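Understanding the architecture of this molecule
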Amino acid sequence: MVQEQQPLQNIEIAVKALSRFGLDSLLSFGPVKRLANVSFLGVANEIYHLSRRSDRLEHTLSVVFWADRLCDLLNIPEKEHRILLCTYLLHDLGHGPFSHNSEPFMIECLNVYHQGLGSIFLQQKNRFGGESQTLTQRLQELLGDDAERVLKALMKTNDTAESLAEFLASPINVDKIEGNSRSANELDLPYVAPVDMLETLLYEDGRFAVKADSLERIIEFWRRERQLYWEKLYTDAIFGGEAVLTRILHILHAAGINEDALILATDEEILKMAGKLEQTQKLCNNLRKGEAPRSLSVTHASLFASVAGDLRRARFEPRQRAAIERKIASQLGILEGNVISHLSRRKYFGENFDDLFQIELFNERAKVIPLSRIRSAFSASKRSGDLIDIYYFEE
């Protein structure tokens, strides 16, 4: 039985584990250090006025802690143990300021989400001063040929021939286990404790698998995750706050601040930039106070429906979007600058239990379920541009 630890203690143990495997030098690299100033829940901190606000580095080191505990629990070989810890240390490199909430700007401006940005950080050193190597080069020094396995896993390649990549691409990997519990805890929702989720896993013949008698716990975990997203993270207020952030980033970019300065910035650095620019001062104050704009699709459904198709087609056409916003501002009798069109994406949680509970008679391994079956039973998909709305401030 793995015992629960206190958050600070978890982080201290994680750092010791990284040191034990000669990986602690990676903590000094710019892409890793900056995660300490990127919020884990993004604009939800402001919208919900959260007093407990964790960051991406805290999450990352907590994931390393649970991965270390998992390796000990399952007696995973030292080489695989090291690769898994290294992969989890680097798994969130690509997050911009305010974590996932900066992704609409990233896709509209750079045509990448955080995974794509993470791959850029791995390959380039000129985005961070004072470093003579890329992270990829450093990994090759530390891990040799195994660096390629880390890179493959970071790209979330569902390579069934590669056990670690398959595990990291699964819906019950340690990142999801820790992230769901952290989010739910900070947002006062129920969750399945990480310690309980670790005990659903097996490691046999060099592969991760799931205990058949733990399926009910995994189903609960999955449904708790769906509840977390659709009750707390996919709300009009959260997407309204994200729309404000996206507009701030676009205005800063149009004012001459280059992409690197924006995507490498911390939350507070973005707010400080926005507070200095006249065009973004009001939006910055709104975001700091957690004042979300109203959703047009909710307050004026027919008016929104009249422009929704045009807005979807104009996602990457700023002039056309501006024309739509002017039209809405005129209809509502408010200032044009108070209207923000926004497109984002949401995760949908599918369930397919057709063969999950089937009894395999005369099969000695019937008590072990391969990850491939877990992944086919619990599939989450994000649809780009799925969320489309127009937000507005009445004042």
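Scroll up to find the structure.
Residues numbered from 1 in each chain as written. Predicted model: local features only at pLDDT ≥ 70, side-chain atom pairs only at ≥ 80, totals over all residues. Heavy atoms only, no water.

Points about unusual backbone geometry
It is generally the case that most residues other than glycine have a negative phi and that most peptide bonds are trans. Even without being a glycine, H49 presents a positive backbone phi close to 50°. Inspection of the secondary structure puts H49 in the loop between α3 (44–47) and α4 (56–74). You can call H49 exposed: its relative accessible area is 53%. One non-glycine residue with positive phi stands out, namely D205, at about 55°. Position of D205 relative to the elements: it lies in the loop between β1 (201–204) and β2 (207–211). Look at D205 and you get exposed, because its relative accessible area is 74%. (Helix = DSSP H or I, 4+ residues; strand = E, 2+ residues; numbered from the N terminus. Buried < 20%, exposed > 50% of the residue type's maximum accessible area, 1.4 Å probe, protein only.)

With respect to the nonpolar core
L139, F167 and F208 are the most contacted members of the largest nonpolar core, which has 107 residues in total. Of all hydrophobic cores here, the second largest spans 15 residues; its members include F304, I334, L343 and I388. (Core = buried A, V, L, I, M, F, W, Y, C linked by side-chain atoms within 4.5 Å.)

A closer look at the packing of aromatic side chains
All told, the structure shown has ten aromatic pairs when counted by the stated rule. With a centroid separation of 5.0 Å and 80° between ring planes, the pair formed by W230 and Y234 is classed as edge-to-face. Judged by its relative accessible area of 32%, W230 falls in the partly exposed class. Chaining the aromatic ring pairs together yields one cluster made of W222, Y229, W230, Y234, F239, Y348, F349 and F378. If you follow R182 out to its NZ or CZ, it ends over the ring of F40, 5.9 Å from the centre. The residue whose ring lies beneath K232 is Y48, and the NZ or CZ to ring-centre distance is 5.1 Å. (Phe/Tyr/Trp six-rings, centres within 6.5 Å; stacked < 30°, edge-to-face > 60°. Lys NZ or Arg CZ within 6 Å of the ring centre and 35° of its normal.)

Here's the deal with the pattern of salt bridges
One pass over the structure, following the stated rule, counts 25 salt bridges. In this structure, E351 and R223 form a salt bridge, with 3.0 Å as the shortest nitrogen-oxygen distance. Note that E351 is positioned in strand β4 (residues 339–351) and R223 in helix α13 (residues 215–233), a separation of 128 residues in sequence. Assessed through its relative accessible area of 39%, R223 is described here as partly exposed. The partner of R313 in a salt bridge is D310, and the shortest N-O contact between them spans 2.7 Å. Separated by three residues within a single helix, R313 and D310 lie in helix α19 (residues 301–313), roughly one turn from each other. The exposure class assigned to R313 is exposed, which follows from its relative accessible area of 62%. (Salt bridge = Lys/Arg side-chain N within 4 Å of Asp/Glu carboxyl O.)

Topic: the sheet that holds strand β5 (residues 368–370)
Spatially, the three strands line up as an open sheet ordered β1-β2-β5, and their pairing is antiparallel. Two strands bound the open sheet, and with one partner strand each, they are β1 and β5. Taken pair by pair, the neighbouring strands of this sheet meet at an average axis angle of 45°, ignoring direction. In terms of strand pairing, β2 meets β5 through three bridges, oriented antiparallel. Within the sheet, the bridge partner assigned to K211 lies in β5 and is V368. (Pairing = 2+ DSSP bridges. Axes fitted to C-alpha atoms, helices over the stretch in contact; angles between N-to-C directions.)

With respect to the packing of helix α11 (residues 174–186) against α13
Contact pair α11 / α13: the axes reach a minimum separation of 10 Å and the direction vectors enclose 50°. The orientation of α11 relative to α13 falls into the category oblique. α11 and α13 meet at a crossing whose hand is left-handed. Contacts between α11 and α13 involve K176, I177, N180, S183 and A184 from the first element and F221, E225 and L228 from the second. Tallied by class, the residues present in the contact of α11 with α13 amount to four nonpolar, two polar and two charged. (Parallel < 35°, antiparallel > 145°, perpendicular 65-115°, else oblique. Left-handed = near helix turned anticlockwise from the far one by under 90°. Contact = heavy atoms within 4.5 Å. Nonpolar A, V, L, I, M, F, W, Y, C, P; charged D, E, K, R; others polar.)

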